[in-house]
Amino acid sequence: MTVNGDTVTRQLEPRVTLLDALREDLGLTGTKKGCDRGECGACTVLVDGRRTKSCLTLAVMQQGREITTIEGLADGDRLHPVQAAFIRHDGFQCGFCTSGQIMSAVACIREGHAGSDDEVREWMSGNLCRCGCYPNIVAAVRAAADEEQ
């Protein structure tokens, strides 16, 4: 598989999740382990451009796929527009859910689901924020979507 633009070849047990492979084997700890049941969205990454909950996905099933994690969004020192919007709009508090929120937001915008606050809320509903930063997250997603148009 390719992770953040780099080809990665590993021998893993068939039961290893993509989340554990990213965090434990590759050292990419930006993707968070929250509920480990696919309910919170903290582990969201992009697989071939589609948002995927990596705790529910087996690593061996990702052969030949392009994986993007939070570590792969920025272009050098220049933040991805969604990352910058989250900072500008204070779209995080404790930060635990932030990487999953950002990865889901990137996909939400690419999918064309950022046209209204209600649409963003609906399409981001699989990502939970324990701190309740939802209004700021929605504002960040809408701002980033406006920048990309």
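What counts and how
- Residues numbered from 1 in each chain as written.
- Predicted model: local features only at pLDDT ≥ 70, side-chain atom pairs only at ≥ 80, totals over all residues.
- Heavy atoms only, no water.
- Salt bridge = Lys/Arg side-chain N within 4 Å of Asp/Glu carboxyl O.
- Helix = DSSP H or I, 4+ residues; strand = E, 2+ residues; numbered from the N terminus.
- Buried < 20%, exposed > 50% of the residue type's maximum accessible area, 1.4 Å probe, protein only.
- Core = buried A, V, L, I, M, F, W, Y, C linked by side-chain atoms within 4.5 Å.
- Contact = heavy atoms within 4.5 Å.
- Pairing = 2+ DSSP bridges.
- Patch = residues over 30% accessible without salt bridge, like charges linked within 9 Å, V, L, I, M, F, W, Y side chains within 5 Å.
- Areas by Shrake-Rupley, 256 points an atom, 1.4 Å probe, with all protein chains shown as cover.

### Comments concerning the pattern of salt bridges
Here is step 1: Under the defined criterion, the tally for this structure stands at eleven salt bridges.
Here is step 2: Across the pair arginine 10 and aspartate 25 runs a salt bridge, and its minimum N-O distance is 2.8 Å. Placement of arginine 10 in the loop between strand S2 (6–7) and helix H1 (18–25) and of aspartate 25 in helix H1 is noted, with a sequence separation of 15 residues between them.
Here is step 3: Using a relative accessible area of 35% as the deciding quantity, one classes aspartate 25 as partly exposed.
Here is step 4: For arginine 78, the salt bridge identified is with aspartate 75, shortest N-O distance 3.9 Å.
Here is step 5: Ionic contacts of the salt-bridge type, sharing partners, join the residues Asp20, Lys33 and Asp36 into one network.

### Things to note about the nonpolar core
Here is step 1: Counting 25 residues, the largest nonpolar core has Val82, Phe86, Ile102, Ile109, Met124, Ile137 and Val141 as the members making the most contacts within it.
Here is step 2: Contributions of two or more residues to this core are made by helix H2 (81–88), helix H3 (98–110) and helix H5 (134–148).
Here is step 3: With seven residues, H3 is the single largest residue contributor to this core.
Here is step 4: Discounting chain neighbours no more than four positions away, the residues touching isoleucine 102 are Ile70, Leu73, Val82, Gln83 and Phe86.
Here is step 5: Counting nine residues, the second-largest nonpolar core is a separate cluster that includes Val8, Leu18, Leu22 and Val47.

### Concerning the pairing of strand S4 (residues 50–53)
Here is step 1: Note: strand S3 (residues 44–47) against S4, four bridges, orientation antiparallel. In the strand pairing of S4, leucine 46 is matched with arginine 51.
Here is step 2: Hairpin connection between S3 and S4: a loop of two residues separates the two successive antiparallel strands, and aspartate 48 in this loop has a positive phi of roughly 55 degrees.

### Some words on unusual backbone geometry
Here is step 1: At asparagine 4, a residue that is not glycine, the phi angle is positive and equals roughly 55 degrees.
Here is step 2: You will see that aspartate 90, though not glycine, has its phi angle at about 50 degrees, which is positive.
Here is step 3: By secondary structure assignment, the location of aspartate 90 is in the loop between H2 and H3.
Here is step 4: A residue is classified by how much of its surface remains accessible, and aspartate 90, at 45% relative accessible area, is partly exposed.

### Let's talk about a nonpolar patch on the surface
Here is step 1: A grouping of Leu58, Val60 and Met61 is seen on the molecular surface, where their side chains present a nonpolar patch of about 240 Å² in accessible area.
Here is step 2: Structurally, valine 60 is set in the loop between S4 and strand S5 (66–68).

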